[in-house]
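Fold and contact review
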Amino acid sequence: ISATHPRSPTRLSRPLAAMAPRTSPLALPVVLLGAACTLRAAFGPAFASGVAARRELLGAVATGVVALSTPLPALADWQGEPSRALKKYGSAVLKLEDAVNQGDLSKIKPKLRKFALLCGAWRFEPKEFARFTVITDALIEGAQNNKVDVVKAKYAELLQETQLKKMLKGAPVPRGARVIDTGSSIAGITKLAQYTEA
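Small disclaimer: the values here were computed from a predicted structure and weren't measured.

1. Focus: unusual backbone geometry
One non-glycine residue, N146, adopts positive backbone phi at about 60 degrees. The phi angle at Q163 is positive, at roughly 60 degrees, despite the residue not being glycine. Of note, Q163 is situated in the loop between α9 (148-162) and α10 (164-167).

Structure, rendered in structure tokens:
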């Protein structure tokens, strides 16, 4: 897959700044118009002398209702998806350690997407996300250009920076009734412990 292809791993790991804005560009002018109408109605003449003043007041009220009823931007999930991504793609990346040490790019190239998807575990931490994305992008580029030394160096740097081996050391699976954790909201913790990305 070329770097310009829409599903290229390098295109999938864009920084958060390149993503679409979360607020409408019309929100600020609408709020300012509502505030101006409210101030004019509040500090204008003491009595409503005609139809125009009532229309302004109704316009201000309608503007305020529209401005206050729009949903606020929010992070979409926080239901354990980063933890699941770390477990799923981190395990897949760790399984490639022997292939990386042997310099076997034929086993690494089909799994390059796992490196790009691993960064999703830090998608709500922009600094770490950007830092790990730079490392994985360099690793992916090195593999695509058949540079074994670059792949080995970046893989070692990725493991050192992310502490993957320490984080995925094999924590015990919680057992018992009423266990609420990241696995229970998605696919079940037992299934998550058994399922690893190949």
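There's plenty left to go through after this.
2. With respect to the pattern of salt bridges
Counted under the stated rule, the structure contains three salt bridges. As a salt-bridge pair, E97 and K165 come within 2.7 Å of each other at their nearest N and O atoms. Residue E97 is located in helix α5 (residues 97-102), and its partner K165 is located in helix α10; the two are separated by 68 residues in the primary sequence. The exposure class assigned to K165 is partly exposed, which follows from its relative accessible area of 45%. K154 is paired through a salt bridge with E157; the nearest N and O atoms lie 3.1 Å apart. Here E157 and K154 lie together in helix α9, a separation of three residues that amounts to about one turn. Classification of K154 as partly exposed rests on a relative accessible area of 24%. On the accessibility criterion, E157 (29% relative accessible area) is partly exposed.

3. Here's the deal with the nonpolar core
Core analysis: the biggest nonpolar cluster contains 27 residues, and I108, F115 and L118 have the highest contact counts within it. Mapped by element, the contributors of at least two residues to this core are α4 (81-95), α5, α6 (105-108), α7 (112-118), α8 (126-144) and α9. Leaving out residues up to four positions away in the same chain, F115 has contacts with V93, L96, I108, T136, L139, I140, Y155 and L158.

4. As for a nonpolar patch on the surface
Residues L57, V61 and V65 make up a contiguous nonpolar surface patch of about 260 Å² in total accessible area. Position of L57 relative to the elements: it lies in helix α3 (residues 51-69). When its relative accessible area of 46% is taken as the criterion, L57 is described as partly exposed.

5. With respect to the packing of aromatic side chains
According to the stated counting rule, one finds two aromatic pairs in the structure shown. Seen from their ring centres, W122 and F132 are 4.6 Å apart, and the 65 degrees between their planes marks the pair as edge-to-face. One end of the pair, W122, is in the loop between α7 and α8; the other, F132, is in helix α8, with ten residues separating them in the sequence. Comparing W122 with F132 shows no difference in burial state: the two are buried.

6. Structural notes on the side chain of T136
Tracing the chain through its elements places T136 in helix α8. Owing to a relative accessible area of 1%, T136 belongs among the buried residues under this scheme. Leave out the neighbours within four places in its chain, and T136 touches F115, C119 and L158.

7. Comments concerning the packing of α8 against α9
Here α8 crosses α9 at 160 degrees, and the two axes come no closer than 8 Å. Taken together, α8 and α9 sit at an angle that is classed as roughly antiparallel. Between α8 and α9 lies a crossing of left-handed hand. Between α8 and α9, the residues in contact are R131, F132, I135, T136, A138, L139, G142 and A143 and V150, V151, K154, Y155, E157, L158, E161 and T162, respectively. Classifying every residue of the contact of α8 with α9 gives nine nonpolar, three polar and four charged.

Rules used throughout
- Residues numbered from 1 in each chain as written.
- Predicted model: local features only at pLDDT ≥ 70, side-chain atom pairs only at ≥ 80, totals over all residues.
- Heavy atoms only, no water.
- Helix = DSSP H or I, 4+ residues; strand = E, 2+ residues; numbered from the N terminus.
- Salt bridge = Lys/Arg side-chain N within 4 Å of Asp/Glu carboxyl O.
- Buried < 20%, exposed > 50% of the residue type's maximum accessible area, 1.4 Å probe, protein only.
- Core = buried A, V, L, I, M, F, W, Y, C linked by side-chain atoms within 4.5 Å.
- Contact = heavy atoms within 4.5 Å.
- Patch = residues over 30% accessible without salt bridge, like charges linked within 9 Å, V, L, I, M, F, W, Y side chains within 5 Å.
- Areas by Shrake-Rupley, 256 points an atom, 1.4 Å probe, with all protein chains shown as cover.
- Phe/Tyr/Trp six-rings, centres within 6.5 Å; stacked < 30°, edge-to-face > 60°.
- Axes fitted to C-alpha atoms, helices over the stretch in contact; angles between N-to-C directions.
- Parallel < 35°, antiparallel > 145°, perpendicular 65-115°, else oblique.
- Left-handed = near helix turned anticlockwise from the far one by under 90°.
- Nonpolar A, V, L, I, M, F, W, Y, C, P; charged D, E, K, R; others polar.

From the geometry alone we can't say anything about function, so treat these as descriptive.
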